[in-house]
Amino acid sequence: MDLEKSAPAARGDAPRAEGCLVVAVRMPVRIVALVLVVPVRMAWDALVVAGRFLNDTVFRPLGRGVSWIGRAVFVWPFVGLWRYVLVPLGRVSARLGKVLVVLPAVGLYRWVLTPLGHALTWVYARVLTPVGHAVVRALGAVGAVFAAIGAGVCAGLALLARYLVVVPSVWLYTWVLAPAGRAVARCARGLVRLVTVIVTGVGAVLYWIVRILLVLPALLVWRRVLVPVGGVLAVVAREVGEALGHAWRVAGRVSLAVGRFLGTLVRWTLVEPVRWVYRSVLTPVGHVVRDTVLRPAAGAARRTGRAVREALAAARTTARQVRADVRRMLLGEAEPPRPGGTRKPVRARGTRRAGGGTDTLTRS
């Protein structure tokens, strides 16, 4: 007797017994599933790529912008309101409440209510308590008198109630109600037994009727019809599920191959020609244009600008000299500056003041 499992059986790799129904259903189902699933998988992969592109280029930056705007519009104003308005206002309100409510209430309790309570306690202990004790003693004496009277009245009423109510009631229960109740109980027990026998017989008859007419045919239909049909449907469902999984994986490979083919086609029909045109045509033409047109034009522009700047500098120098000569003719030679850094005002020659002296002209 082999007590150890074999290696394939232990690993769960034992080949599964397959009937002719499984073999007949597998290939058509897999072919139909492959034909139906390949377009769905390709559309799914295209949607995944488009969704990732939109997520990276649109949704994520848009979400960050919306998040920043939300913080700027909703969070930061409330934070600033809480931090710079409500918290200081709450502190000020707490201080005002302490100063205006708590301290006066504490003073009122300490200096008014506490002495008043002590005074009332003293009055109650020294005055009201002895008066109350005296009143209680007087009421106790009056109550004792009334209690004695009430006890006599209650004793008389108890004797009357015993001989007028209790004794007749006990006699009525012992000789009338108890025998009648025993007779009624015996009749009820007999009736219950009769009803139990009738219900038991009817229940047994109904049980066998239901068993023969419903249970046995339903059990036969379950064993002979539903169980085989369920087995067939389970096999078909299992093969359909496996076919869909296989078709989904094959469709993924097909979609990957189609995507690579389209990428290669776009690369060789669009990207590579554009790259070749850029490298082989536009770059040499650009170099030629740069060497033959742009650089000479830039050199000529630089030389022209240099000549214009030199002409403007010469014109400024000439204008400065002419202005200095005119100032010298009109105002005379300027005196050399003093060691202290101050300069005397320059007087024009030949000009006199109204009072007979010469007039003074200053220049900066």
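Above this text sits the structure in question.
Rules and cut-offs
- Residues numbered from 1 in each chain as written.
- Predicted model: local features only at pLDDT ≥ 70, side-chain atom pairs only at ≥ 80, totals over all residues.
- Heavy atoms only, no water.
- Helix = DSSP H or I, 4+ residues; strand = E, 2+ residues; numbered from the N terminus.
- Buried < 20%, exposed > 50% of the residue type's maximum accessible area, 1.4 Å probe, protein only.
- Contact = heavy atoms within 4.5 Å.
- Areas by Shrake-Rupley, 256 points an atom, 1.4 Å probe, with all protein chains shown as cover.
- 1 Å grid on protein atoms, 1.4 Å probe; cavity = no way out; pocket = protein on both sides within 12 Å on 5 of 7 lines; lining within 4 Å.
- Points joined across faces, edges and corners; volume = space filled by probe spheres on them.
- Nonpolar A, V, L, I, M, F, W, Y, C, P; charged D, E, K, R; others polar.
- Patch = residues over 30% accessible without salt bridge, like charges linked within 9 Å, V, L, I, M, F, W, Y side chains within 5 Å.
- Salt bridge = Lys/Arg side-chain N within 4 Å of Asp/Glu carboxyl O.
- Lys, Arg positive; Asp, Glu negative; His and termini not counted.
- Charge placed at Lys NZ, Arg CZ, Asp CG, Glu CD.
- Core = buried A, V, L, I, M, F, W, Y, C linked by side-chain atoms within 4.5 Å.
- Phe/Tyr/Trp six-rings, centres within 6.5 Å; stacked < 30°, edge-to-face > 60°.
- Lys NZ or Arg CZ within 6 Å of the ring centre and 35° of its normal.

J.: Account for the overall build of the protein chain, with residues named and values stated.
T.: The number of helices and strands found in the protein chain is 2 helices and 0 strands. Here the protein chain holds 364 residues, and 6% of them are scored as buried. Restricting to contacts in the protein chain with at least 6 residues of sequence separation, those with at least 24 account for 53%. Element-wise, carbon and sulfur atoms account for 72% of the exposed surface of the protein chain, whose accessible area totals about 30,400 Å².

J.: How would you summarise the layout of surface pockets if you had to cite specific residues and measurements?
T.: In this structure, the largest pocket encloses a volume near 200 Å³. Counted by class, the lining of the largest pocket contains 6 nonpolar, 2 polar and 2 charged residues.

J.: How would you explain a positive patch on the surface if you had to name every residue and give the values?
T.: On the surface, a cluster of positive charge is contributed by R182, R186, R189 and R193. Mapped onto the elements, R186 comes out in helix α2 (residues 20–331). The class of R186 is exposed, set by a relative accessible area of 60%.

J.: Describe the nonpolar core, with residues and values.
T.: Counting residues in hydrophobic clusters, the biggest one holds 7 residues: V29, A33, V37, V38, A243, A247 and A251. Leaving out residues up to four positions away in the same chain, A33 has contacts with A243, L244 and A247.

J.: For the pattern of salt bridges, give the residues involved together with the corresponding values.
T.: Considering all chains together, one arrives at 5 salt bridges under this definition. For the salt bridge of R267 with E272, the shortest nitrogen-to-oxygen distance reads 3.3 Å. Residue class for R267 comes out partly exposed when judged on its relative accessible area of 44%. R290 is the partner of D291 in a salt bridge, and the nearest nitrogen-oxygen pair spans 3.5 Å. Each of R267, E272 and R275 takes part in one network of salt bridges that share partners.

J.: Please set out the packing of aromatic side chains residue by residue, giving values where relevant.
T.: Any two aromatic rings considered together are summarised by their centre-to-centre distance and by the angle between their planes. Under the criterion given, the structure shown has 2 aromatic pairs. Note on W68 and W76: the rings are 6.0 Å apart at their centroids and 85° apart in plane angle, and the pair reads as edge-to-face. What makes W68 partly exposed here is its relative accessible area of 49%. Summarising the aromatic geometry, the rings of Y207 and W208 are spaced 5.5 Å apart at their centres and angled 75° between planes, so their arrangement reads as edge-to-face. Overall, the relative accessible area of 49% leaves W208 in the partly exposed class. Its guanidinium or amino end placed over the ring of W268, R267 lies 5.7 Å from that ring's centre, counting from NZ or CZ.

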